[in-house]
Amino acid sequence: MKLNIALLAGDGIGPEVIDQAVKVSDAVAAKFGHEINWKPALTGAAAIDAVGEPYPDETHEICKSSDAVLFGAIGHPKFDNDPSAKVRPEQGLLKMRKALGLFANVRPTFTFPSLLDKSPLKKERIEGTDLVFLRELTGGIYFGEKGRREEGETAFDNCVYTRAEVQRLAKKGFELAMARGKKLCCVDKANVLETSRLWRETVQAMETDYPEVEVSYEFVDAVAMRLVQWPNSYDVLITENLFGDILTDEASVISGSMGLMPSASLGSDIGLFEPIHGSYPQATGLNIANPMATVLSAAMMFENFSLQAEGKAIRDAVNSALEKGMVTEDLADGGTSYGTSEVGDWLAANI
Ligand code: IPM
Ligand code: MN
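Residues numbered from 1 in each chain as written. Chains lettered and ligands numbered in written order. Predicted model: local features only at pLDDT ≥ 70, side-chain atom pairs only at ≥ 80, totals over all residues. Heavy atoms only, no water.

Q: Could you clarify how one ought to interpret the pattern of salt bridges in this entry?
A: Here the idea is simple: oppositely charged side chains can pair when their charged atoms come close. Inspection of every chain in the model, using the stated rule, returns 20 salt bridges. Taking the shortest distance from any N to any O, the salt bridge between Glu145 and Arg149 comes out at 3.8 Å. Since its relative accessible area comes to 48%, Glu145 is described here as partly exposed. Arg149 sits in the partly exposed class, given a relative accessible area of 48%. Through salt bridges with shared partners, one network takes in Asp130, Arg180 and Asp235. (Salt bridge = Lys/Arg side-chain N within 4 Å of Asp/Glu carboxyl O. Buried < 20%, exposed > 50% of the residue type's maximum accessible area, 1.4 Å probe, protein only.)

Q: I'm lost on the UniProt feature "site: Important for catalysis" (unreviewed entry) in the chain in this one. Help?
A: Cross-referencing UniProt, the feature "site: Important for catalysis" (unreviewed entry) maps to Tyr142 and Lys189 in the present numbering. From this annotated list, the subset lining the largest pocket comprises Tyr142. If we skip the residues at most four places from it in the chain, Tyr142 touches Leu94, Arg135, Asn241, Leu242 and Asp245. You can see Lys189 is positioned in the loop between strand 8 (183–188) and helix 8 (194–206). Residues contacting Lys189, with those up to four places away along its chain left out, are Ser196, Phe219, Val220, Asp221 and Phe243. (UniProt positions renumbered as here; feature names shortened; annotations may be inferred. 1 Å grid on protein atoms, 1.4 Å probe; cavity = no way out; pocket = protein on both sides within 12 Å on 5 of 7 lines; lining within 4 Å. Contact = heavy atoms within 4.5 Å. Helix = DSSP H or I, 4+ residues; strand = E, 2+ residues; numbered from the N terminus.)

In structure tokens form, the structure reads like this:
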């Protein structure tokens with residue numbers, strides 16, 4: 001297969017982890033007879049510095065003419081500490097998600113047998129966890145009207161959802177549940193929020209189309225608790241944009257490191273694959289960031305092209321690296337650790 005992949009390294013540790021995902025993907029392509037044409041493009045603070053905006057038109061054209069986008073990370077402290085900044089790196093990611101129609105963010109949470117004792121949670125609680133969040137990605141409070149009123153003394157961010165937006169996300173949730181454990185949890189705050197009541201009503205109306213799926217409705221605060229108490233009681237969870245952002249960071253603790261969790265953003269022909277972690281500015285250029293989340297995002301990319309064996313080759317390499325202790329410092333517990341690029345080299349050599 002010939003694949004054109006837009007390569008958006010972004011900020012902070014983004015370029016370092018992306019380099020490893022490229023190495024590993026190239027090794028997969030060589031082994032399985034594919035050809036990958038990488039098309040680098042600017043995004044985030046790097047793009048603001050170069051051309052004044054975080055998702056330039058040229059980058060969008062490159063993404064649109066590609067089969068998928070592999071993305072590193074976005075964000076820079078110089079913007080975080082300047083609340084008055086008009087242009088922010090994160091706007092680039094949001095604009096890209098919207099412009100490419102990527103409304104469904106698939107975030108799996110799973111444990112690795114060799115890392116069960118790395119999680120701060122008790123082994124017997126997390127063993128066997130295999131759940132997937134479907135986070136709505138192009139609506140809600142992230143995209144509603146925002147502003148300041150009364151001479152800057154009042155600020156607002158509106159949360160808006162349409163029934164159609166909920167339906168298309170929920171449809172993916174039901175389909176995913178059918179292909180997995182046939183359990184779907186709709187996470188909302190329907191006791192308080194009108195948007196959540198629309199979510200609940202919409203999902204309830206779809207239940208009859210999927211009689212085999214056991215559907216539950218839980219409030220987001222309760223899910224935040226149960227997620228770390230009994231994570232293996234969940235299968236597929238669907239939720240709105242902000243709740244999904246928060247809960248997936250929380251869920252990453254289950255696996256032992258946020259540096260392990262990949263994601264896929266889907267909704268149109270062009271999928272975007274990225275680690276769920278941020279740009280980790282403190283580690284920039286130090287060759288210490290864990291590349292596995294980005295490498296596993298590349299595995300999701302291959303699988304989304306229905307190249308299952310290719311995805312599995314990557315997952316197998318990651319599993320053996322973890323078993324052999326070929327890990328970055330976040331997983332080393334003060335013991336021997338390896339650099340970002342050493343882990344990448346090892347993975348590529350073991351495809
Ligand atoms: C994520 C990130 C982004 C989000 C930021 C960088 C805008 O935290 O992908 O989870 O909030 O969606
Ligand atoms: Mn996040």
